[in-house]
Each structure stands twice: as structure tokens, then as C-alpha cells.
Amino acid sequence: MTSGSTRSRIWSWVVLVVVVLVAAYFVQRNASVIADTYAAMGWQTVLGAGLLGLAGTLAIGLVWLTLMLGMDRANLPPFDGLSTFYVAQLGKYVPGAVWPILAQVASATRWGYRRASVVTANLQMMMLLAVTGVLLGVVLLPWVAEFERPWLAWAVVLVPVLVWLLLPGSAATLLRWLPLPDKWRLDVPVTRRASWAAVWWSLVTWGLMGAQLWVLLHAA
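Structure report, in brief. Worth saying up front: this structure is predicted, and the values here are computed from it rather than measured.

## A short note on the overall build of the protein
Turning to step 1, where the next piece is worked out: Across its full length, the protein holds 10 helices and zero strands.
Turning to step 2, where the next piece is worked out: Secondary structure elements of the protein occur, N-terminal to C-terminal, as α-α-α-α-α-α-α-α-α-α.
Turning to step 3, where the next piece is worked out: Buried positions account for 30% of the 220 residues belonging to the protein.
Turning to step 4, where the next piece is worked out: Long-range pairs, those at least 24 residues apart, make up 74% of the contacts in the protein with a sequence separation of at least 6.
Turning to step 5, where the next piece is worked out: When the accessible surface of the protein is totalled, it reaches about 14100 Å², and 72% of it is carbon and sulfur.

Written as C-alpha cells, this is what we have:
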């Protein structure tokens, strides 16, 4: 009988093959447009933006890994966890948005985690990335907003709320507020140190992704 670990690896390869085939189809269909755009930008721009995008993607994985290592004290080898995370993320490009989380949940037992821990780590990761992205946008907004749009300044009132959402324990508080039955609650604590480290990696992620976008827009 095929073990759960083997099945997980098989499905990971299946998802990888499907995503690569779909990506190859779209690249082939738009090959001329892509080639013309790359030629106009130059290989230096494409290489620089690609490296920044790769670094930003790696930083997202470190947000998730930091949260996972900050709970349950389970045995999660970093390389094994990140390799599963990055392959599972390809599931976002397959119809349905839950495949990455389901793929990670399938590996929870192998790592010695409760399944609720994996779900909680993903929810907190999405919240941290959303909050840090909005916070950076609000902080940078006064430097780029046009004076003809003074109403944009009101976005500053969001800063205290956003900062509270980044504090350790705020995610657990939000989860407790959700109207869920007790058996469905995902109140899995994350250490303060891991929480702050995850906030740091979230900020690094947006810094790298923002730099990538700046490089591409500057070239365009």
C-alpha cells in the first residue's frame, strides 16, 4: 500500500507537471509579444527583475516557515518544509484556491503537526502579508499622491489598526472572535519571537516585490 508520504510526493509532482504544461502553453501562445517586450527592456532588466522576484518568493516561504517553527515544537526540517511549500504554491494556478493549504495539510502528520496548525500558519501568513502590504502603501502614499486628491490623506487613520494587527497574539484574538464551533477553532499559539520574525520577513517580501515592480516600470 502506498504510504501517505509517497502519495503526497506523487500529487506534488502531478501539480508541478500540470502547472508547467499550462504555463508552457500560455508562453507559446504569446511568444512573439513576450519576445518583443524582453527585447525592448533588455536582458539586464529582465535578469534583475527576475532575481528580485525570486528573492521575494523565497521570502514569502520564510514567513510561513517562521510561523510553523513558532508553534507546536514539531519536527519540521526547514528544507523539507520549504520544498513542500513552494511546490504546493503552484496549486494556486490550478482552478480552486485551496490546493496549496490542502497539500500542506497532507504533510502535517509527517512533520508531527496538528492539521489545525498548518491551516493557522497559512491564515496568519496571508494576514501578515496583507497588513504589511497595506501599511507600507499607506506610509508611502503621501510621497506619491497627487495634491488634487487630498482625501487620500485619510488613509493614515488606518495605521493604528494595521499596527495592532501586526502585534503578536492579534491573529489568535481575531480567530477567537470568529463564530465557529469549538471543534473547528484554530487557536494555535505562535511564540512572540516567531511572530515578530514573520512580520520582518513580510516587510522584506514587499520590499523585494516593490523593487522588482520599480525595475520593470522604470524600463518601460
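## Regarding the side chain of Thr205
Turning to step 1, where the next piece is worked out: Mapped onto the fold, Thr205 is located in helix H10 (residues 192–219).
Turning to step 2, where the next piece is worked out: Polar contacts involving the side chain of Thr205 include one to the main-chain carbonyl oxygen of Trp201, which spans 2.8 Å.
Turning to step 3, where the next piece is worked out: Other than its neighbours up to four places away in sequence, Thr205 contacts Gly56, Ala59, Ile60, Val63 and Leu129.

## Focus: the nonpolar core
Buried together is how nonpolar side chains tend to be arranged in soluble globular proteins.
Turning to step 1, where the next piece is worked out: Trp64, Leu67, Met68, Tyr113 and Met125 are the most contacted members of the largest nonpolar core, which has 31 residues in total.
Turning to step 2, where the next piece is worked out: Going through the elements one at a time, helix H3 (43–69), helix H4 (78–89), helix H6 (108–111), helix H7 (115–144), helix H8 (159–166) and H10 are the ones with two or more residues in this core.

## Examining H10
An α-helix turns once per 3.6 residues; consequently, residues spaced three or four apart project the same way.
Turning to step 1, where the next piece is worked out: When the terminal C-alpha atoms of H10 are compared, their 41 Å separation across 28 residues agrees well with the 40 Å that a helix rising 1.5 Å per residue should span.
Turning to step 2, where the next piece is worked out: Among the residues of H10, those classed as buried are Ala194, Ser195, Ala198, Val199, Ser202, Val204 and Thr205.

## Thoughts on the packing of aromatic side chains
Turning to step 1, where the next piece is worked out: Applying the stated rule across the entire model yields three aromatic pairs.
Turning to step 2, where the next piece is worked out: Relative to Phe26, the ring of Tyr25 lies with its centre 5.3 Å away and its plane at 70 degrees, an arrangement referred to as edge-to-face.
Turning to step 3, where the next piece is worked out: By relative accessible area, which is 40% here, Phe26 ends up partly exposed.
Turning to step 4, where the next piece is worked out: Look at Trp64 and Phe85: their rings are 5.1 Å apart centre to centre, the planes differ by 25 degrees, and that puts the pair in the stacked class.

## Some details on H3
Turning to step 1, where the next piece is worked out: With 27 residues, H3 extends 39 Å between its outermost C-alpha atoms, agreeing within 8% with the 39 Å of an ideal straight helix rising 1.5 Å per residue.
Turning to step 2, where the next piece is worked out: Looking only at H3, the buried set comprises Thr45, Ala49, Gly53, Gly56, Ala59, Gly61, Val63, Trp64, Leu65, Thr66, Leu67 and Met68.

## Re the packing of H3 against H4
Turning to step 1, where the next piece is worked out: The N-to-C vectors of H3 and H4 enclose an angle of 120 degrees; their axes lie 10 Å apart at closest approach. Considered as vectors, H3 and H4 are oriented oblique to each other. Seen along the crossing, H3 lies across H4 with a hand that is right-handed. Contacts between H3 and H4 involve Thr57, Leu58, Ile60, Gly61, Leu62, Trp64 and Leu65 from the first element and Pro78, Gly81, Leu82, Phe85 and Tyr86 from the second.
Turning to step 2, where the next piece is worked out: Considered class by class, the residues forming the contact of H3 with H4 number nine nonpolar, three polar and no charged.

Rules of the game
Residue positions are counted from 1 within each chain, in the order its sequence is given. Totals for whole chains, interfaces and linings use all residues, but because this is a predicted model, local features are given only for residues with pLDDT of at least 70 and pairs of side-chain atoms are given and counted only at 80 or more. The side-chain figures draw on all heavy atoms in the structure; neither hydrogens nor water molecules are used. Each helix corresponds to a stretch of at least 4 residues labelled H or I by DSSP, and each strand to a stretch of at least 2 residues labelled E; elements are numbered beginning at the N terminus. The buried label applies to any residue whose accessible area, calculated with a 1.4 Å probe on protein chains only, is under 20% of its type's maximum; exposed applies above 50%, and partly exposed to all values in between. Contacts were defined at the residue level, with two residues in contact if any of their heavy atoms lie within 4.5 Å. Per-residue and other accessible areas were derived by the Shrake-Rupley procedure at a 1.4 Å probe size, with only the shown protein chains allowed to occlude residues. Pairs of N or O atoms are called polar contacts if they sit within 3.5 Å, as long as, within protein, a hydrogen donor faces a hydrogen acceptor (for residues adjacent in sequence, only side-chain-to-side-chain pairs). Here, the term nonpolar core denotes a set of buried Ala, Val, Leu, Ile, Met, Phe, Trp, Tyr and Cys residues that are joined through side-chain atoms within 4.5 Å. For a helix, the expected span equals 1.5 Å multiplied by the residue count minus one. The rule is short: rings of Phe, Tyr and Trp, with Trp giving its six-membered ring, pair when the centres are within 6.5 Å, and they are stacked under 30 degrees, edge-to-face over 60, tilted in between. For helices, the fitted axis covers only the stretch in contact; all axes are lines through C-alpha atoms, and the angles between them, taken along N-to-C directions, range from 0 to 180 degrees. Just so you know how the angles are binned, under 35 degrees is roughly parallel, over 145 roughly antiparallel, 65 to 115 roughly perpendicular, and the rest oblique. Each crossing gets its handedness from the near helix: less than a right angle anticlockwise from the far helix is left-handed, clockwise is right-handed. Only Asp, Glu, Lys and Arg are considered charged in this grouping, and only Ala, Val, Leu, Ile, Met, Phe, Trp, Tyr, Cys and Pro are considered nonpolar; every other residue, Gly among them, is considered polar.

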